[in-house]
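What the coordinates show
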Amino acid sequence: MASREQGLSERKKLILKAIVEAHIQDGEPVGSKYLTESKQLTCSSATIRNEMAELEDMGFLEQPHTSAGRVPSKQGYRFYVDALLEDYAMTAKDIAKINQLMKIKMAELDSILDKASRVATELTNYTGFAIKPRAHSATVVKYEIALIDPHSFILIIVTSGGAVKTRNVIVESELDANTVTRLSATLNELATGVNLAEITLPIMMEMETRVGDPHLLNTVTKAIYEVLSDLDSGELMVNGLQKLLQYPEFSDRENLSELLGALERKEDILDIVDGNAGDGVNVVIGSEGSVKVMGNSTLVFKPVKRGGRTVGAIGVIGPLRMDYARVLTTLDSIGDNISNLLNEPKLLDKGE
C-alpha cells in the first residue's frame, strides 16, 4: 500500500477522490467531462483523461464499458477509505437520534445492540446489524437459584465474560429449601471455572452423589449446556434488509439470495468480524472478506467495549459505493455512545 501511495501525485489523489464520491452519489461511471464541469479540478479535460488512464493502469479505477467513464475498483475504494476520506459532519438531528440510546440505560445488552443497529440503519440508509461475539469456550463463575414453587426455580448463571443468563427450570420431583441450597453449593463447587468439554463424567457422578436426585441434576445440566452453547455460537441481529433493494448492485436475484443466505446463517458474518476486529471502525471491502457472496458489498462495523472487553459490534452492509464518510462517522459515534453507556457504574452492577 505504501509504494502505491507514493506513486500517486496530489492531482491523481484529487481525481480519484472526486470519482469515488461522484460514483457513490450517482452510481454511474464518471468521465472527464463531468469532472471538468463540476469545477472540482482546475486542469484540462485532456489532462484529466490521461490521469484517469494511469489510475486505471495502477488498478485504482475500472472501465466497465468501452468509451464509458470509470468507476472505482475495490483497490480504489480501499485507498479512498485509508488515505482520502474526510470527516463527515453529523447534523444535530443525527446526534439527537444517537443520544436517544442513552435513555435505555437499564436495558439488557441485546436490547441496546438491537436499538443501535436500527439507529445505524436509519442514519445511513444501509442494512444495519448488531453482533454479540462468540464467547470462545465461556465458563461459569457463579450460580444462583431462586425457588419459585415446589416444582420450579430460576437458575441464574454468571459467566466469565460478565454475562448474566437465566433459565426457568421445571422438575417433576418436589423441591424444598434444603435441596435448593445443596444444589447451589454443588454447582458452585464442582461446575464453575470449567467449559462444556470439561464437565466430565466423574464430575457429573460426584454432583449426582451430592445432590441425590439424578433427574434434577440432568435437567439443570441441560440448562447449563444450552446457555454455554448459545454463548459459544455468537449472535447476529439484522435490521433494514429492504435497504439492499434500493441499490442496483443487489438487483440480481441470485446474488441477493446468496447474500441473504449468508446473513441468515450468521457464521459467515461472525467470521468476518472475528478476523478483522480492531478497536476503531473496521471496513471490509468486497473480496477482502472470506465470504464469496460479499464480493460486491462493503461491511463496516465498530466494536462495543465494556470494561476493556469487546461485548458486541454495530455495523452496516451496503454496496461498494457506500457513503464511507457518513457511515464511518455514524458508527464511530454510536459505538462510543454504547461503550460509554455500558461502562457507567450502575449498568456494570446490573450485568448483561
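Residues numbered from 1 in each chain as written. Predicted model: local features only at pLDDT ≥ 70, side-chain atom pairs only at ≥ 80, totals over all residues. Heavy atoms only, no water.

1. Overview of the overall build of the protein
- Scanning the protein from terminus to terminus reveals 14 helices and ten strands.
- Out of the 352 residues belonging to the protein, those deemed buried represent 45%.
- Of the contacts made within the protein by residues no fewer than 6 positions apart, 63% connect residues no fewer than 24 positions apart.
- Total accessible area on the protein stands at roughly 17200 Å², and carbon and sulfur atoms take up 48% of it. (Helix = DSSP H or I, 4+ residues; strand = E, 2+ residues; numbered from the N terminus. Buried < 20%, exposed > 50% of the residue type's maximum accessible area, 1.4 Å probe, protein only. Contact = heavy atoms within 4.5 Å. Areas by Shrake-Rupley, 256 points an atom, 1.4 Å probe, with all protein chains shown as cover.)

2. Details of the confidence of the model for the protein
- When pLDDT is averaged along the protein, the result is 83, and 87% of the positions lie at 70 or above.
- For residues 347-352, every residue scores under 50 in pLDDT, and the model assigns this stretch 23 contacts once sequence neighbours within four places are set aside. (pLDDT = per-residue confidence, 0-100.)

3. Section: the environment of N282
- Relative to the helices and strands, N282 is located in strand β8 (residues 282-285).
- Accessibility expressed as a relative area gives 10% for N282, which makes it buried.
- Of the polar contacts made by the side chain of N282, one reaches the backbone oxygen of G280; its length is 2.9 Å. (Polar contact = N/O pair within 3.5 Å; in protein donor to acceptor, adjacent residues only side chain to side chain.)

4. A closer look at the sheet that holds strand β10 (residues 309-319)
- Across the sheet, which stays open at both edges, the five strands sit in the order β7-β3-β10-β9-β8 with antiparallel pairing between neighbours. Two strands lie at the open edges of the sheet, namely β7 (235-239) and β8, each paired on one side alone. Recorded for the sheet is a direction-independent mean angle of 20° between the axes of neighbouring strands.
- Relative to strand β9 (residues 297-306), β8 runs antiparallel, the two being bridged by four bridges. Note that in β9 the partner of V284 across the bridge is L299.
- Across the sheet, helix α13 (residues 324-342) lies against β8, β9 and β10, angled at about 20° from β9, the strand it touches most. (Pairing = 2+ DSSP bridges. Axes fitted to C-alpha atoms, helices over the stretch in contact; angles between N-to-C directions.)

5. Side note on the pairing of β10
- For β10, the tally of buried residues reaches nine of eleven residues, placing the bulk of the element in the interior.
- Judged from the five bridges that link them, strand β3 (residues 127-132) and β10 form a sheet pairing that is antiparallel. Counted as the bridge partner of F129 is G315 from β10.
- Hairpin connection, β9 to β10: the antiparallel pair is bridged by two residues, and G307 has positive phi, about 60°.

6. Section: the packing of aromatic side chains
- Considering all chains together, one arrives at four aromatic pairs under this definition.
- With a centroid separation of 5.9 Å and an interplanar angle of 50°, the aromatic rings of Y77 and Y324 are classed as tilted. Taken together, the residues span a long stretch of sequence, with Y77 in helix α5 (residues 74-84) and Y324 in helix α13 at a distance of 247 residues. The pair Y77 / Y324 is uniform in exposure class, with both members buried.
- Clustering of aromatic rings is evident, with ring pairs tying together Y77, Y80 and Y324. (Phe/Tyr/Trp six-rings, centres within 6.5 Å; stacked < 30°, edge-to-face > 60°.)

7. Details of the pattern of salt bridges
- In the structure shown here, the tally under the stated rule is 17 salt bridges.
- When the shortest N-O distance is used, the salt bridge between E51 and R11 registers 2.7 Å. You can see E51 sitting in helix α4 (residues 45-57) and its partner R11 sitting in helix α2 (residues 10-26), a full 40 residues away along the chain.
- With a relative accessible area of 39%, R11 lands in the partly exposed category.
- With a closest N to O distance of 2.5 Å, E249 and R321 form a salt bridge. On the criterion of sequence distance, the pair formed by E249 in the loop between β7 and α11 (253-265) and R321 in the loop between β10 and α13 is long-range, its members being 72 residues apart.
- Under the relative-accessibility criterion, R321 is labelled buried at 9%. (Salt bridge = Lys/Arg side-chain N within 4 Å of Asp/Glu carboxyl O.)

8. Concerning the sheet that holds strand β4 (residues 140-149)
- What the three strands build is an open sheet, ordered β4-β5-β6; its pairing is antiparallel. The open sheet terminates on both sides in strands that have one partner only, identified here as β4 and β6 (164-170). With strand direction ignored, the average angle separating the axes of adjacent strands in the sheet is 20°.
- The pairing of β4 with strand β5 (residues 152-159) spans eight bridges and is classified as antiparallel. From the neighbouring strand, K142 faces β5, where its bridge partner is V158.
- Its contacts with the sheet place helix α8 (residues 177-190) against β4 and β5, and it is angled at close to 165° to β4.

9. Section: helix α9 (residues 201-211)
- Every buried residue of α9 is accounted for by M204, M207 and V211. What you see down the axis of α9 is that its buried residues fit within an arc of 65°, all on one side. Opposite its buried face, α9 presents the exposed residues L201, P202, M205 and T209, each directed more than 90 degrees away.
- Residue G212 follows α9 closely and has a positive phi angle near 80°. (Arc of directions from axis to C-beta.)

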